[in-house]
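Here is what each chain is made of, one letter per residue.
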Amino acid sequence: MKTKQLTILFFSLLFLLNSCKKVNEQTSIDFLQNEWIVQSVTNEGKRFNTPSDKTFREDAYILKFVGDSIFEMHTSVNYAGGSYLIVSESHIIISHYGEWTEIHNSLEHQRNFDEQLVSTFNGKMSYSSTKSKLILRNEQNQEIVFANISK
């Protein structure tokens, strides 16, 4: 009888320990609940940092997941967004990301950064996230690094 009770207790404890999460552990899609700001884009082996001047729109380069499959991430002067699909743990497909408006930015460095961002942020991407950082990398080894700005 004691062996049976000990076996039940052992499996119960094992189940409880496996079903508990660490406080700091983040599940694979928790990043969808946060807002992220672009820190850098790596394309063609070159790293492009987000423009440091504040002559662009206030909500530029902030990634917001606004629905089950829709996101917004405006560029320096244009509204922009697209759709996404989580296909497996650590893989996401970004579709139709582009600018919705067509305002010309006369500042070349911002325009160049926007072009790098739009060309990199499409297709099948792997993702990794922590509470403070989100990294999206496509199959051409191009990546976008984001910092968490959620309150």
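Residues numbered from 1 in each chain as written. Predicted model: local features only at pLDDT ≥ 70, side-chain atom pairs only at ≥ 80, totals over all residues. Heavy atoms only, no water.

A. Here's a closer look at the overall build of the protein. Each helix and strand counted, the protein has two helices and nine strands in total. For the protein, the succession of helices and strands along the chain, N to C, is α-β-β-β-β-β-β-α-β-β-β. Looking at the protein as a whole, 34% of its 151 residues qualify as buried. In the protein, once contacts between residues fewer than 6 apart in sequence are set aside, the share between residues at least 24 apart is 52%. Counting only carbon and sulfur atoms, one obtains 54% of the accessible surface of the protein, whose full area is about 9700 Å². (Helix = DSSP H or I, 4+ residues; strand = E, 2+ residues; numbered from the N terminus. Buried < 20%, exposed > 50% of the residue type's maximum accessible area, 1.4 Å probe, protein only. Contact = heavy atoms within 4.5 Å. Areas by Shrake-Rupley, 256 points an atom, 1.4 Å probe, with all protein chains shown as cover.)

B. Looking closely at the side chain of Glu143. With respect to the element layout, Glu143 can be found in strand β9 (residues 143-148). Judged by relative accessible area, Glu143 falls into the buried class, the value being 14%. At a separation of 2.3 Å, a polar atom in the side chain of Glu143 contacts the side chain of Arg137. If we ignore the near neighbours within four places in the chain, the residues touching Glu143 are Ser40, Val41, Thr42, Thr120, Ile135, Leu136 and Arg137. (Polar contact = N/O pair within 3.5 Å; in protein donor to acceptor, adjacent residues only side chain to side chain.)

C. The nonpolar core, seen in detail. Counting residues in hydrophobic clusters, the biggest one holds 26 residues, and the most contacted among them are Val38, Leu63, Phe121 and Phe146. For this core, the secondary-structure elements that each account for two or more residues are β1 (35-43), β3 (62-65), β5 (80-88), β6 (91-99), α2 (108-120), β7 (123-129), β8 (133-138) and β9. Residues contacting Leu63, with those up to four places away along its chain left out, are Asn34, Glu35, Trp36, Phe71, Glu72, Met73, Phe121, Leu134 and Phe146. (Core = buried A, V, L, I, M, F, W, Y, C linked by side-chain atoms within 4.5 Å.)

D. Spatial organisation of the pattern of salt bridges. For the structure shown, the criterion picks out two salt bridges. For the salt bridge of Arg57 with Asp59, the shortest nitrogen-to-oxygen distance reads 2.7 Å. When its relative accessible area of 19% is taken as the criterion, Arg57 is described as buried. Using a relative accessible area of 22% as the deciding quantity, one classes Asp59 as partly exposed. For Glu143, the salt bridge is made with Arg137, and the minimal N-O distance between the two is 2.3 Å. (Salt bridge = Lys/Arg side-chain N within 4 Å of Asp/Glu carboxyl O.)

E. Up close: unusual backbone geometry. A positive phi angle is found at Glu44, which is not glycine, with a value near 55 degrees. Tracing the backbone through its elements, the reader meets Glu44 in the loop between β1 and β2 (46-49). We note that Asn141 has phi near 65 degrees; this positive angle belongs to a residue other than glycine. Judged by relative accessible area, Asn141 falls into the exposed class, the value being 56%.

F. Focus on the packing of aromatic side chains. Using the criterion set out here, one finds 10 aromatic pairs in the structure. Among the aromatic residues, those joined into a ring-pair cluster are Phe31, Phe65, Phe71, Tyr84, Tyr97, Phe121, Tyr127 and Phe146. Lying across the ring of Tyr79, Arg57 places its NZ or CZ 4.0 Å from the centre. (Phe/Tyr/Trp six-rings, centres within 6.5 Å; stacked < 30°, edge-to-face > 60°. Lys NZ or Arg CZ within 6 Å of the ring centre and 35° of its normal.)

G. Region of the structure containing the side chain of Ser40. Mapped onto the elements of the fold, Ser40 is located in strand β1. Of note is the side chain of Ser40, whose polar atom sits 3.4 Å from the side chain of Arg47. Here Ser40 is in contact with Arg47, Phe48, Asn49, Thr50, Glu143, Ile144 and Val145, once residues within four sequence places are set aside.

H. Molecular detail of the pairing of β8. Covered by surrounding structure in β8 are Leu134, Leu136 and Asn138 only, the residues Lys133, Ile135 and Arg137 on the alternate face being uncovered. Relative to β8, β7 runs antiparallel, the two sharing five bridges. Residue pairing for β8: Tyr127 is matched across the bridge by Leu136. Adjacent in sequence and paired antiparallel, β7 and β8 are bridged by three residues. Two strands pair when backbone bridges link them, and β8 and β9 are joined in this way by five bridges, in the antiparallel orientation. Each bridged residue has a counterpart across the sheet, and for Lys133 the counterpart in β9 is Ala147. Counting the residues that bridge the hairpin from β8 to β9 gives four residues, and of these Asn141 lies at a positive phi of roughly 65 degrees. (Pairing = 2+ DSSP bridges.)

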